Amino acid sequence: MGLDQTSRRTVSSHDPQHEHVVGHWPKGRISRRAAIGLGATGVAGLAGAASLFDFFSKWRESEAPADIFKGDAPNNEIWELWRKRGWMKEASHYLKLGRNVQCKICPNNCILEPGDRSHCRNRVNRDGTLYTLAYGNPCTFHVDPVEKKPLFHFLPGTRTFSLATSGCVFRCLNCQNWEISQKKPEETKNPRGEELCLKPPLPPHLSHDQMSRLSLFPENVVAVAAELGCPSVSYTYSEPTAYYEYTQDTCKAARERKLKNIVVSCGSIEERPARDLYQFVDAAHVDLKGFDDDIYQKLNSGRLQPILNTLKTLKELNLWFEIINLVVPTYTDNLDTIRRMCAWIVKELGTDRPLHFSRFHPQHKLAHLTPTPVGTLLKARDAARAEGLRFVYIGNVPGLEGAETTWCPGCKKAVIERDIFAVTCLDLSDGKCRFCGTKIAGVWKM
Ligand code: SF4
């Protein structure tokens, strides 16, 4: 999953302690207080991307496909309920291998026999066809400051309508949202009871029960985001790659309505689906979890190289993106490795690519570790700057002076100051420093 800039877990539909309030968010720039309060693609569809020969050669050379959930597809009763709600859709980017199927969305490359469920928990093989069960059925949504993604160089001070379904392509030991990312759709949604499709006018509150049976199809997402005064929609909290079809269709609908799309992702996605999705995306936040493949496998059950490939693809596609790196004690806090990571970013992505070091807080399967020492984060920032990165931030350390300030690379004055997720000072004019006129990389207006 991608990482939001907070250790505060997200509220989800299966959390009876919380109710969703959908009509009470502040309009306009967010104050500090408010911020705190807050198709059958088959073989034919893949033609031109990877031939069967390419695919099988690659598979032989690399690792076996990821673990999957054998025989865990929904029974006929659940399947029928899901179908009636419109919460399933034939998947995109997959291969039919007789009655088996292989998903080609992420490097896990799940191979499923009829009745199996995927590694990300959201996809099943039903009678030789691959379906996603994560469509139009978010288990959580909120209005967030865009700074919480975190995106610091993209429409600062604006709010973004943020949503997620269950499921993830990774198994991070430190996951902050494991209660949704490591669940299957049937564990976060309940299709029984009266159907409820959220659309304007919005009710002031949603109960846990309403949230669990609520539908929010792409056109509804866009209408709700617009009603709430959000100029963008964010696909976040869990992992948008795991709800790829829903993300992509919603991105298309949002773009038609002139809303921006933001994807917050771990970056583990194959190139063809990445290109098909990101052509509709305006900004991305990629979680580069480290720069050591062994650690990636141990900490996240992922691989490093696909993330680096995705970052290069995003650069080529010319969309705005920022990088976050969670510094986890004993896993990703080695300064030499951090230096190598920063050098790679400078060489491949340029000095203007914002990098956010984020402080680890003990949780999930790493509850026994201590939080990242602030001194380690400061050394990481120094190393990144020494490698040439111009915009380096430290997150999840409230009160650390200058940690979230954007400094002009020309005159070295502060041009954007932030307090938690609120923008408190914005000294830019047409994307340039108001003091010396240096252009600051980013997207500053709609
Ligand atoms: S997106 Fe899900 S089903 Fe597809 S390869 Fe990745 S983990 Fe497997």
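In what follows, the accompanying structure is described. (Residues numbered from 1 in each chain as written. Predicted model: local features only at pLDDT ≥ 70, side-chain atom pairs only at ≥ 80, totals over all residues. Heavy atoms only, no water.)

What to know about the site of the ligand
And then number 1: Around the ligand, the neighbouring residues are Cys 103, Ile 105, Cys 106, Asn 108, Asn 109, Cys 110, Ser 118, His 119, Cys 120, Arg 123 and Val 169.
And then number 2: Residues that form the shell around the ligand fall into these classes: six nonpolar, four polar and one charged. (Near = heavy atom within 4 Å. Nonpolar A, V, L, I, M, F, W, Y, C, P; charged D, E, K, R; others polar.)

Structural notes on the nonpolar core
And then number 1: In this structure, Phe 161, Leu 288 and Phe 357 are the most contacted members of the largest nonpolar core, which totals 94 residues.
And then number 2: No other element matches helix H13 (residues 335-349), which puts six residues into this core.
And then number 3: Discounting chain neighbours no more than four positions away, the residues touching Leu 288 are Tyr 296, Leu 304, Ile 307, Leu 308, Leu 311, Ile 323, Ile 324, Asn 325, Met 341 and Ile 345.
And then number 4: Ranked by size, the runner-up nonpolar core spans 20 residues in total, among them Leu 151, Phe 154, Phe 391 and Val 415. (Core = buried A, V, L, I, M, F, W, Y, C linked by side-chain atoms within 4.5 Å. Buried < 20%, exposed > 50% of the residue type's maximum accessible area, 1.4 Å probe, protein only. Helix = DSSP H or I, 4+ residues; strand = E, 2+ residues; numbered from the N terminus. Contact = heavy atoms within 4.5 Å.)

Looking at the side chain of His 153
And then number 1: Of note, His 153 is situated in the loop between strand E7 (140-145) and strand E8 (159-164).
And then number 2: Among the polar contacts made by the side chain of His 153, one reaches the main-chain carbonyl oxygen of Ala 441 at a distance of 2.7 Å.
And then number 3: Look past the residues within four positions of His 153 in its chain and what remains in contact with it is Trp 320, Glu 322, Pro 354, Phe 391, Tyr 393, Thr 406, Ile 440, Ala 441, Gly 442, Val 443 and Trp 444. (Polar contact = N/O pair within 3.5 Å; in protein donor to acceptor, adjacent residues only side chain to side chain.)

Points about the sheet that holds strand E1 (residues 89-90)
And then number 1: An order of E1-E6-E5 is seen for the three strands of this open sheet, with the pairing classed as antiparallel. At either margin of the open sheet sits one strand with a lone partner, and together these are E1 and strand E5 (123-126).
And then number 2: Where E1 and strand E6 (residues 129-132) come together, two bridges link them in antiparallel fashion. Paired with Glu 90 across the two strands is Tyr 131, which belongs to E6. (Pairing = 2+ DSSP bridges.)

What to know about the pattern of salt bridges
And then number 1: Counted according to the given criterion, the structure contains 22 salt bridges.
And then number 2: Two residues, Asp 282 and Arg 255, come together in a salt bridge whose shortest N-O distance is 3.1 Å. Residue Asp 282 is located in the loop between helix H10 (271-278) and strand E13 (283-287), and its partner Arg 255 is located in helix H9 (residues 244-256); the two are separated by 27 residues in the primary sequence.
And then number 3: Look at Asp 282 and you get buried, because its relative accessible area is 17%.
And then number 4: The class of Arg 255 is partly exposed, set by a relative accessible area of 32%.
And then number 5: Between Lys 347 and Glu 348 there is a salt bridge, and its shortest N-O distance comes to 3.3 Å.
And then number 6: According to the relative accessible area criterion, Lys 347 is exposed, its value standing at 68%.
And then number 7: Put simply, Asp 72, Arg 117, Lys 184 and Glu 186 are held in one network by salt bridges that share partners. (Salt bridge = Lys/Arg side-chain N within 4 Å of Asp/Glu carboxyl O.)

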